[in-house]
Amino acid sequence: MLFKDQVDFVSQHIKKNKLRVFMTILAATMGCAFLIVLASIGFGIQDTMRKEILEDQAITEVEVYPNDGEELDISKIGAVEHVNAIVQRTRMEAMAVSQIENRSLEGNMLLTNFAQEEKSNLKLSEGRMPTKDNEIVVGYQFAENLLTDAERKEMEQSTEEDAEPIGGYKESLIGKTVSMSLQSYESEEAFSETWDFTIVGVTEKPAKDWIVDTNILLDESWKDKLQEVYEVNMEEGNTDLFFSSTKIYTSSLEHVKSVTEELKEMGYSVYSVSEQLEQLDVFFMAFKIGLIFVGTIAVLISSIGIFNTMTMAVTERTREIGVMKAIGASPKLIQRLFLMESAWIGIIGTILAVIISYAVSFLANWILPMVVGSALGEEEFQDLSMTFSLIPWQLVVIASIISIGVAMISGWRPARKATKIDVIQALRQEL
Amino acid sequence: MIQVQNVNHTFLIGKKGKEKKVPVLKGLSFEVEKGEIVAIVGKSGSGKSTLLHTIAGFMSPEQGSITVNGQETAFLNETERAKFRLNNFGFIFQNFQLMPGLTAFENVELPLKLKGVSSKKRKTSVKQLLKKVGLEEVADHYPNELSGGQQQRVSIARALITNPPILFADEPTGSLDSETEQDILLLIQDLNQTLGVTFVIITHDEEVASIADRKFRMRDGELVKGDTGYVI
Ligand SMILES: Nc1ncnc2c1ncn2[C@@H]1O[C@H](COP(=O)(O)OP(=O)(O)O)[C@@H](O)[C@H]1O
Ligand SMILES: [Mg+2]
């Protein structure tokens, strides 16, 4: 029998039992749509969290720590493929007291190499990278925390938890000269040595709202001078005066993983976004499998309908099947015709389910943020950029395979039954 | 064309555990020649249909061999038998056994579809044959819109459409009035003469058997002794 004739044959039978087939397709559609929508929640939440991770930090960043008592071999790290920049920021364990006009700020100093910072793509909200020794970059919140004594007093008295910052430096800091002196954590007074720096850049707003960046970025050549001053002023030297942290920047996100692996092989402790994403992916892989499993149960329940419909179809057509066999239809052909019928139910059910799922997913992503937003209150409402439901093509493929596969499996037994029909008994049936 | 040799078959009748053995075919042997009309005559229950079922390959006899066109049917599996039937046999049943959901035309077309003949070729040969059996007017009718005689003509056309060398007819006029019966019998004779198709007709009706070149008489699963089977 030609394939086209087989299709005609099957569709003729389906047309004859429109209502029954429709109800069966409906059940298959509901099962499959349930599976897709349920699993789409897993994909949606994963997507939201991935985005959060990727937005919140420099994604090409790899943090690397030496083992206890060891040092990083910077030249070896630099030789690793796709390493774009190695930024070593050294924090001085002392306060940096900055003074502009009548305003002051107690912050921290970070010694760094600006050439590497520039390569690492350090973003500035204003200004440029320093080129001279006495040029510095300050944190985004540096200006608003430059307070006069009066303002500081007012701040301290304010009881409100998150009161708006009072005062602060309103003008641009670019080109301003700041005079800075050191002060140890233990002492009350700043040391007498002061240096004048010119602010040439202001860093970008930190990704996380709760970070307040009032740091001063200073060229690393200052390290010895600062240490000397500190030791002159303090009777006992501090062995832990400087604390370095090293961040490596790869040329792009796709290389983070390979660089991370290579650094690990060197025996360093490494932390990068790829690590974080990997953990996230492992967790969500399990989560999604769980959801698909639960969804598959719905598909299995709907398959009972297919099984019933096909069994009915075979029983009803016993005589016709008998005649077909008598005039020369092979058992294989008869089995195929019935399998095609159940596959058709599965395919149409799946197609409808995919369409419905996309609609439900779209509606959920549109309506749920509003509902959740109004429950949380106006303010969060604005920031809520959550994906609740996401249907990637892989999910469509998985769900289709499960749904159509289950439809064909449940049509298998009735189809086998059809092939086993005894011609003589079938012909004996009354019309 | 057909050789039946020492065919025996026993049915088990009754409840499980208390079955009774009922021998239905008892050592039957005969031959059917190419191009002839053979009638197997006998009272109801004498085993005629069972004999036909074994020859057609709907069931296997317990004993004996059946050879059709040089092929021993016992050696074929289910699929091969189906194909063998499609290529060698046509069937005409007492109650026509047409597909209720198909028109007269589509019913006749069905065996060609099974053979994988293209739609265009099917159309021409079905049209031709329907004309030959006098049904061109009612080609688009469904079986329940046709008279008994017309339905039997459709079923004859369906049996003939693949040009099989052998046609089996089990009580072909059993559901028809005597006038229509005559029409059908004339058609069978005509087809036999013009197309050279071999007919094996099973009937309890002497009138029907009268068109046969040879008659075999069956009684209680045996061919009646002394009946040579040759033209009486
Ligand atoms: N499947 C079967 N199981 C048991 N007995 C059967 C079966 N088929 C036929 N018989 C019996 O075999 C005998 C012959 O039946 P059948 O060949 O139909 O006779 P006929 O066609 O000559 O009227 C009958 O007694 C019938 O009851
Ligand atoms: Mg009979």
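Residues numbered from 1 in each chain as written. Chains lettered and ligands numbered in written order. Predicted model: local features only at pLDDT ≥ 70, side-chain atom pairs only at ≥ 80, totals over all residues. Heavy atoms only, no water.

The name given to chain B in an unreviewed UniProt entry is ABC transporter ATP-binding protein, with Psychrobacillus vulpis as the source organism. UniProt lists a comment for chain B under the heading Sequence similarities (unreviewed entry), and it reads "Belongs to the ABC transporter superfamily." (UniProt positions renumbered as here; feature names shortened; annotations may be inferred.)

Identification of chain A as ABC transporter permease from Psychrobacillus vulpis is taken from an unreviewed UniProt entry. Check the Subcellular location (unreviewed entry) section of the UniProt entry for chain A; it says "Cell membrane".

Attention now moves to the nonpolar core. Counting residues in each nonpolar core, the largest one holds 67 residues, and the members touching the most others are Met324(A), Phe338(A), Ile2(B), Ile55(B) and Phe168(B). Per element, the largest residue contribution to this core is 7 residues, and it comes from helix H10 (residues 331-376) of chain A. Once residues within four sequence positions are removed from consideration, Ile55(B) is found in contact with Ile2(B), Val4(B), Phe30(B), Ile66(B), Val68(B), Thr73(B), Phe89(B) and Phe168(B). Ranked by size, the runner-up nonpolar core spans 39 residues in total, among them Val41(B), Val133(B), Val154(B) and Ala159(B). (Core = buried A, V, L, I, M, F, W, Y, C linked by side-chain atoms within 4.5 Å. Buried < 20%, exposed > 50% of the residue type's maximum accessible area, 1.4 Å probe, protein only. Helix = DSSP H or I, 4+ residues; strand = E, 2+ residues; numbered from the N terminus. Contact = heavy atoms within 4.5 Å.)

Turning our attention to the packing of H10(A) against helix H12 (residues 393-420) of chain A. Residue and element names in this part refer to chain A. Running from amino to carboxyl end, H10 crosses H12 at an angle of 150 degrees, the nearest separation of the two axes being 8 Å. Considering their axes alone, H10 and H12 lie roughly antiparallel with respect to each other. Note that H10 runs across H12; the crossing there is right-handed. In contact with Pro331, Ile334, Gln335, Phe338, Leu339, Ser342, Ala343, Gly346, Ile347, Thr350, Val354 and Tyr358 of H10, H12 contributes Val396, Ser400, Ser403, Ile404, Ala407, Met408, Gly411, Trp412, Ala415, Arg416, Ala418 and Thr419. Along the lines of polarity and charge, the residues of the contact of H10 with H12 split into 15 nonpolar, 8 polar and 1 charged. (Axes fitted to C-alpha atoms, helices over the stretch in contact; angles between N-to-C directions. Parallel < 35°, antiparallel > 145°, perpendicular 65-115°, else oblique. Left-handed = near helix turned anticlockwise from the far one by under 90°. Nonpolar A, V, L, I, M, F, W, Y, C, P; charged D, E, K, R; others polar.)

This part takes up a negative patch on the surface. All names here are of chain A. Where like charges cluster on the molecular surface, the negative patch consists of Glu81, Glu261, Glu262 and Glu265. Of note, glutamate 262 is situated in helix H7 (residues 256-265). Assessed through its relative accessible area of 36%, glutamate 262 is described here as partly exposed. (Patch = residues over 30% accessible without salt bridge, like charges linked within 9 Å, V, L, I, M, F, W, Y side chains within 5 Å. Areas by Shrake-Rupley, 256 points an atom, 1.4 Å probe, with all protein chains shown as cover. Salt bridge = Lys/Arg side-chain N within 4 Å of Asp/Glu carboxyl O. Lys, Arg positive; Asp, Glu negative; His and termini not counted. Charge placed at Lys NZ, Arg CZ, Asp CG, Glu CD.)

For the rest of this paragraph, the subject is the sheet that holds strand E6 (residues 89-92) of chain B. Residues and elements named next belong to chain B. The strand order across the open sheet formed by 6 strands is E6-E7-E8-E3-E9-E10, and the pairing between neighbours is mixed. Two strands close off the open sheet at either side, each with one partner strand: E6 and strand E10 (222-223). Strands E6 and strand E7 (166-170) of the sheet are contacted by helix H2 (residues 78-88), whose axis makes an angle of about 80 degrees with E6. Along the sheet face, helix H6 (residues 178-195) touches strand E3 (37-42) and strand E8 (198-203) and points at about 155 degrees away from the line of E8. (Pairing = 2+ DSSP bridges.)

What follows is about the site of ligand 1. Every residue near ligand 1 is listed here: Arg428(A), Phe11(B), Ile13(B), Val24(B), Lys43(B), Ser44(B), Gly45(B), Ser46(B), Gly47(B), Lys48(B), Ser49(B) and Thr50(B). Residues close to ligand 1 are split across chains A and B. Gly47(B) has a polar backbone atom sitting 3.1 Å from an oxygen atom of ligand 1. Within the backbone of Lys48(B), one N or O atom sits 2.9 Å away from an oxygen atom of ligand 1. For ligand 1, whose free accessible area comes to 560 Å², the fraction covered by protein is 69%. Elements with a minimum of two residues in the shell around ligand 1: strand E1 (2-13) and helix H1 (48-56) of chain B. Sort the elements by how many residues they give to the shell around ligand 1 and H1(B) lands first, with 3 residues. (Near = heavy atom within 4 Å. Polar contact = N/O pair within 3.5 Å; in protein donor to acceptor, adjacent residues only side chain to side chain.)

On to the pattern of salt bridges. Residue and element names in this part refer to chain A. Summed over all chains, the structure comprises 19 salt bridges over all chains. The partner of arginine 50 in a salt bridge is aspartate 281, and the shortest N-O contact between them spans 3.3 Å. Of the two residues, arginine 50 sits in helix H2 (residues 18-56) while aspartate 281 sits in helix H8 (residues 273-316), which places them 231 residues apart along the sequence. Relative accessible area serves as the criterion here: at 29%, arginine 50 is assigned to the partly exposed category. Aspartate 281 sits in the partly exposed class, given a relative accessible area of 28%. Its salt-bridge partner being glutamate 61, residue lysine 247 comes within 3.7 Å of it at the nearest N-O pair. Here lysine 247 is found in strand E11 (residues 242-250), whereas its partner glutamate 61 is found in strand E1 (residues 61-65), with 186 residues between them in sequence.

Glancing now at the interface of chain A and chain B. With 22 residues of chain A at the interface, the matching set in chain B holds 27 residues. Taken together, the two surfaces of chain A and chain B that pack against each other cover about 2,200 Å², and 62% of this comes from carbon and sulfur. Our count for the chain A to chain B interface comes out at 1 salt bridge. Arg122(B) is paired through a salt bridge with Asp5(A); the nearest N and O atoms lie 2.6 Å apart. For the pair chain A and chain B, the interface holds 7 residue pairs in polar contact (both at pLDDT 80 or more). Within the residue set of the side of chain A that touches chain B, elements represented by two or more residues are helix H1 (3-16), helix H9 (318-326), H10 and helix H13 (423-428) of chain A. Ranked by residue count, the leading element in the side of chain A that touches chain B is H9(A), at 6 residues. In terms of residue class, the side of chain A that touches chain B is made up of 13 nonpolar, 3 polar and 6 charged. (Buried area = accessible area lost by both parts, 1.4 Å probe.)

Right, let's talk about a nonpolar patch on the surface for a bit. On the surface, Phe362(A), Leu363(A), Trp366(A), Ile367(A), Leu368(A), Met370(A) and Val371(A) cluster together into a nonpolar patch covering about 690 Å² of accessible area. Take Leu368(A): it is sitting in helix H10.

The next subject is the sheet that holds strand E5 (residues 71-72) of chain B. Residue and element names in this part refer to chain B. Strand order across the open sheet formed by 4 strands is E2-E1-E4-E5, with antiparallel pairing between neighbours. At either end of the open sheet lies a strand with only one pairing partner, and these are strand E2 (20-32) and E5. Bridge analysis of E1 against E2 gives 9 bridges, and the strand direction is antiparallel. Bridge assignment links valine 7 to a residue of E2, and that residue is leucine 28.

So, on to the pairing of strand E3 (residues 95-100) of chain A. Most of E3(A) is tucked away, with 5 of its 6 residues classed as buried. The turn linking E3(A) back onto strand E4 (residues 103-107) of chain A is made up of 2 residues, and Glu101(A) within it adopts a positive phi angle of 50 degrees.

Turning to the packing of aromatic side chains, a few remarks are in order. According to the stated counting rule, one finds 13 aromatic pairs over all chains in the structure shown. With a centroid separation of 6.1 Å and an interplanar angle of 10 degrees, the aromatic rings of Phe283(A) and Phe287(A) are classed as stacked. Of this pair, Phe283(A) and Phe287(A) are both found in helix H8, 4 residues apart, which corresponds to roughly one turn of the helix. Look at Phe91(B) and Phe93(B): their rings are 5.9 Å apart centre to centre, the planes differ by 10 degrees, and that puts the pair in the stacked class. In terms of burial, Phe91(B) and Phe93(B) fall into one category: buried. An aromatic cluster is defined as three or more aromatic residues linked by ring pairs; in this entry it consists of Phe58(B), Phe84(B), Phe89(B), Phe91(B), Phe93(B) and Phe168(B). It is Lys223(A) that lies over the ring of Phe242(A); its NZ or CZ is 5.1 Å from the centre. Between the NZ or CZ atom of Lys225(A) and the centre of the ring of Trp222(A), over which it lies, the distance is 4.3 Å. (Phe/Tyr/Trp six-rings, centres within 6.5 Å; stacked < 30°, edge-to-face > 60°. Lys NZ or Arg CZ within 6 Å of the ring centre and 35° of its normal.)

Even without being a glycine, His82(A) presents a positive backbone phi close to 70 degrees. One can find His82(A) in the loop between helix H3 (74-78) and strand E2 (83-92). The phi angle at Phe96(B) is positive, at roughly 65 degrees, despite the residue not being glycine. In this fold, Phe96(B) is placed in the loop between E6 and helix H3 (104-115). Given a relative accessible area of 7%, Phe96(B) falls into the buried group.

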